[in-house]
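What follows is the residue order along each chain.
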Amino acid sequence: MLKKLHWVVLCGWAGLGCQGDIVQGLTDGDESDQMTTTALPPGTDIADTAEGNDTPEVAYATVGQKARVTAQSGLHLRTGPSTNYAIILTMPYGAIVNVIASSSGWYRVTYGSHTGWSSGAYLATVTSTSSGTTAVDHAIDRARSGVGFSYHWGGGCWDPSSSHHGACYGNCPNCSHSGTWGADCSGYVAKIWQVPGPSALTACTHPYSTYNFRYTTAHWRPVARSNAKRGDALVHHESGAGHVFLFESGDGWGWMRAYEAKGCSYGIQHDTRMAASNYIAIRRTGY
Amino acid sequence: MKRMALAAAGLVVLAAVLLLSFRRAPASTRNAGKAASAASGFWSRARAAFASGKQAQPGATGRAIVSGDWGGEPGQFGRRRDAEANPEGPMALAAAGGEVAVVDQINRRVQRFKDGKLTGTIPIGGDTVQDMALAPGGRTVLLDRLVDGTVQIYGPDGKLENQLAIAGKGIDEGGDVTGVFADDGGIYVERQHGSVIRLADARGATDSERSELLGRPSRDGRFVLQAEIADPAGAMLVRASNRSNGELAWVQTVRTDAPILHVVMLDSDRAGNVYVAAEVGRESAEPPYELGDVHVVALRLGNGGIVTGQLRLPALGAADETFRPLTVDDDGVLYLMLAQDGGLQVLRYSF
């Protein structure tokens, strides 16, 4: 019963919540005494958490050692050891922190120049044998390597070692582009996902449009937004206009940390944004 | 007959006593560090359910105070719906002194309206501004977090006075920023809907210290505010901390009538009320899991975070990205920016 009462904190943000036995939300054990039990959304599992004065069932972090954030959609860093305390920032999945103290399942950690408290249930001690690199990690690495390159309508290639990012002018599709490298939104996601198959970042291919991502299932399939996870994409296509972006993590408002070829003026960005209600989530086969 | 009258009177008295007890002891108001007992937890839950209500009001009727077609003429608004790119319309609005200002970034301008009429335009440098705050002294503060990476301060005369770099102490990259704010104490940007970093004083002079506050400054100057989704099935946590010492003043759980997609507003008025809103909807059980019954639930929280009003508002609608589609003014009047096929409307609502 206790676990059922605790689930709310585990799915921490709306629309993109828990998935399987891995917590997808902003997972820091959010719960307050005024919470009531609520029916679980489809696909939601119940996870344990280290909340308030409860003792965690498993200690994942070790004082004096480094730990990795294991919550797929990020983990709050707070000013104190409970959800009553304010959020300083949200640490992304995979972030490495220094663990300096603990209190009732919460750990005082330093992340970059910030110091605060996080739930220990979503921290794992870093060991010399842990590799943890997955296909999704590689996809995120590819996404990151494209940030700063230009928007190129119909394009889908970039050279991470190049300082020539290209430039876009005007309103697409009647826009012009200078330089070799750049991508539009669908070319960018196709390259990140390596669909239909392996393709060098520098190979200028553009196999799918947002129409394909939205209405076909060649190498991906729709998933519920409430089950979306790191490495999935959000896509919209209506009346000839469409956009697709890669989902990295969420924040406490249900906004999404995205990698996207946003448009001619913006280029390829890593940003926090809302996704309108007519976006659906899709997942690459194998992710 | 007498019995029925007595029973009815008894029910009225009981209801009054319950109501008074709820009002006397705010639902989930707590002091930081105080652990709630099991008994108080029960009553907190009961009061929270009472205070927040389970159903939003039937669709509130807003009054259109600004209407403009899509286009580039004065009074019109720019919209971009390119194939294979992010669709966007006006990103943000702000309201003060009976005026409403809209960031019409596609047309590289801010347009100000009063009584439905265009009263002024501020030309802006680029088309990638995403947020705006109206600062004391008639200044307009704009956020261009992704391309220029700056906060731009325009004077009352519409001229650019200063540009503040966003990245630096407290902000790793512009994409982390989730809002810009201004008050008598300074100009701030918010990091990931958490802390805010002070970039300048109220007149726009750069603050090299870049000190942090634990949330958005409230308009009455007393609190800093944060909100977060506590339960995607329909609960948000709103937290007010004392601005003077950072201690928790109150925390309140408020509920919505459908699962939450995203929080779309956390604001306040001069009287100390706090406003929070979320777009909500229900996901289909079958692929492609489209959303239905999408709408916005807006709530007003009074002293101690007690819910004192709520509105059911239209869905934000189009796929266009927006950054600040709702706001309230100093008096607590709510404004909603709605992109539709024909153009943009700003609707005004009162709680």
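Okay, so let's go over this structure.

Focus: the overall build of chain B
When its secondary structure is counted, chain B shows two helices and 24 strands. Buried positions account for 57% of the 351 residues belonging to chain B. Summarising the internal contacts of chain B: among those between residues at least 6 apart in sequence, 46% fall at separations of at least 24.

Points about the packing of helix 2 (residues 135-146) of chain A against helix 3 (residues 185-193) of chain A
Residue and element names in this part refer to chain A. For the pair helix 2 and helix 3, interaxial distance at closest approach is 8 Å and the crossing angle is 140°. Comparing the axis directions of helix 2 and helix 3 gives the class oblique. The two elements helix 2 and helix 3 cross, and the hand of that crossing is right-handed. Contacts between helix 2 and helix 3 involve Ala139, Arg142, Ala143 and Gly146 on the former and, on the latter, Tyr188, Lys191 and Ile192. Here the contact of helix 2 with helix 3 is built from residues that sort into four nonpolar, one polar and two charged.

Observations concerning the environment of Val69 of chain A
All names here are of chain A. When you line up the elements, Val69 lands in strand 1 (residues 66-69). Separated by 26 residues in sequence, Val69 and Ala95 place their C-alpha atoms 5.3 Å apart. Ignoring anything within four residues of it in the chain, the contact list for Val69 reads Leu75, Met91, Pro92, Tyr93, Gly94, Ala95, Tyr122 and Leu123.

Digging into the pattern of salt bridges
One pass over the structure, following the stated rule, counts 33 salt bridges over all chains. In this structure, Asp137 of chain A engages Arg230 of chain A in a salt bridge whose closest nitrogen and oxygen atoms are separated by 2.9 Å. Taken together, the residues span a long stretch of sequence, with Asp137 of chain A in helix 2 and Arg230 of chain A in the loop between strand 12 (220-223) and strand 13 (233-238) at a distance of 93 residues. The pair Asp137 of chain A / Arg230 of chain A is uniform in exposure class, with both members buried. Overlapping salt bridges, with partners in common, bring together Glu260, Lys262, Asp271 and Arg273 of chain A together with Arg145 and Glu321 of chain B in one network.

Quick look at the packing of aromatic side chains
Residues and elements named next belong to chain A. In the structure shown here, the tally under the stated rule is 13 aromatic pairs over all chains. When the ring of Trp193 is compared with that of Trp220, the centres are 6.4 Å apart and the planes differ by 40°; the resulting orientation is tilted. Taken together, the residues Trp193 in helix 3 and Trp220 in strand 12 connect sequence positions 27 residues apart. When its relative accessible area of 0% is taken as the criterion, Trp193 is described as buried. Among the aromatic side chains, those forming a connected cluster through ring pairs are Trp193, Tyr208, Phe213, Trp220 and Tyr287. Over the face of the ring belonging to Tyr266 we find Lys262, whose NZ or CZ atom lies 5.6 Å from the ring centre.

So, the interface of chain A and chain B
Taken together, the contact pairs 72 residues of chain A with 73 residues of chain B. Buried surface at the junction of chain A and chain B, both sides included, amounts to about 6,100 Å², of which 50% is carbon and sulfur. Counting the contacts that link chain A with chain B gives six salt bridges. For Arg145 of chain B, the salt bridge identified is with Asp271 of chain A, shortest N-O distance 3.6 Å. In this structure, the connection of chain A to chain B is made through 34 residue pairs in polar contact (both at pLDDT 80 or more). The element contributing the most residues to the side of chain A that touches chain B is strand 16 (residues 267-273) of chain A, with five residues. For the side of chain A that touches chain B, a count of residues per class yields 29 nonpolar, 30 polar and 13 charged.

Examining the pairing of strand 24 (residues 343-349) of chain B
All names here are of chain B. With respect to burial, strand 24 is a largely interior element, five of its seven residues being buried. Relative to strand 24, strand 1 (residues 63-69) is paired through six bridges, and the arrangement is antiparallel. Of the residues in strand 24, the one forming a bridge with Ser67 is Gln345. Bridging between strand 23 (residues 334-339) and strand 24 involves six bridges; their strand directions are antiparallel. Directly across from Ala339, in strand 24, lies its bridge partner Leu344. Connecting the antiparallel pair strand 23 and strand 24 is a turn made up of three residues.

What to know about the state of the cysteines
Structurally, a disulfide amounts to a covalent bond that connects the sulfur atoms of two cysteines. All names here are of chain A. Tallied over the full model, the rule gives three disulfides over all chains. Here Cys157 connects covalently by a disulfide to Cys204, the sulfurs 2.0 Å from one another. Residues Cys157 and Cys204 are joined through a disulfide that is right-handed, its torsion about the S-S bond being 80°. In this pair, Cys157 sits in strand 8 (residues 156-157) while Cys204 sits in the loop between helix 3 and helix 4 (210-215), placing the two residues 47 residues apart along the sequence. The class of Cys157 is buried, set by a relative accessible area of 2%. Here Cys172 pairs with Cys175 through a disulfide, and the sulfurs are 2.1 Å apart.

About the cut-offs
- Residues numbered from 1 in each chain as written.
- Chains lettered and ligands numbered in written order.
- Predicted model: local features only at pLDDT ≥ 70, side-chain atom pairs only at ≥ 80, totals over all residues.
- Heavy atoms only, no water.
- Helix = DSSP H or I, 4+ residues; strand = E, 2+ residues; numbered from the N terminus.
- Buried < 20%, exposed > 50% of the residue type's maximum accessible area, 1.4 Å probe, protein only.
- Contact = heavy atoms within 4.5 Å.
- Axes fitted to C-alpha atoms, helices over the stretch in contact; angles between N-to-C directions.
- Parallel < 35°, antiparallel > 145°, perpendicular 65-115°, else oblique.
- Left-handed = near helix turned anticlockwise from the far one by under 90°.
- Nonpolar A, V, L, I, M, F, W, Y, C, P; charged D, E, K, R; others polar.
- Salt bridge = Lys/Arg side-chain N within 4 Å of Asp/Glu carboxyl O.
- Phe/Tyr/Trp six-rings, centres within 6.5 Å; stacked < 30°, edge-to-face > 60°.
- Lys NZ or Arg CZ within 6 Å of the ring centre and 35° of its normal.
- Buried area = accessible area lost by both parts, 1.4 Å probe.
- Polar contact = N/O pair within 3.5 Å; in protein donor to acceptor, adjacent residues only side chain to side chain.
- Pairing = 2+ DSSP bridges.
- Disulfide = S-S within 2.5 Å.

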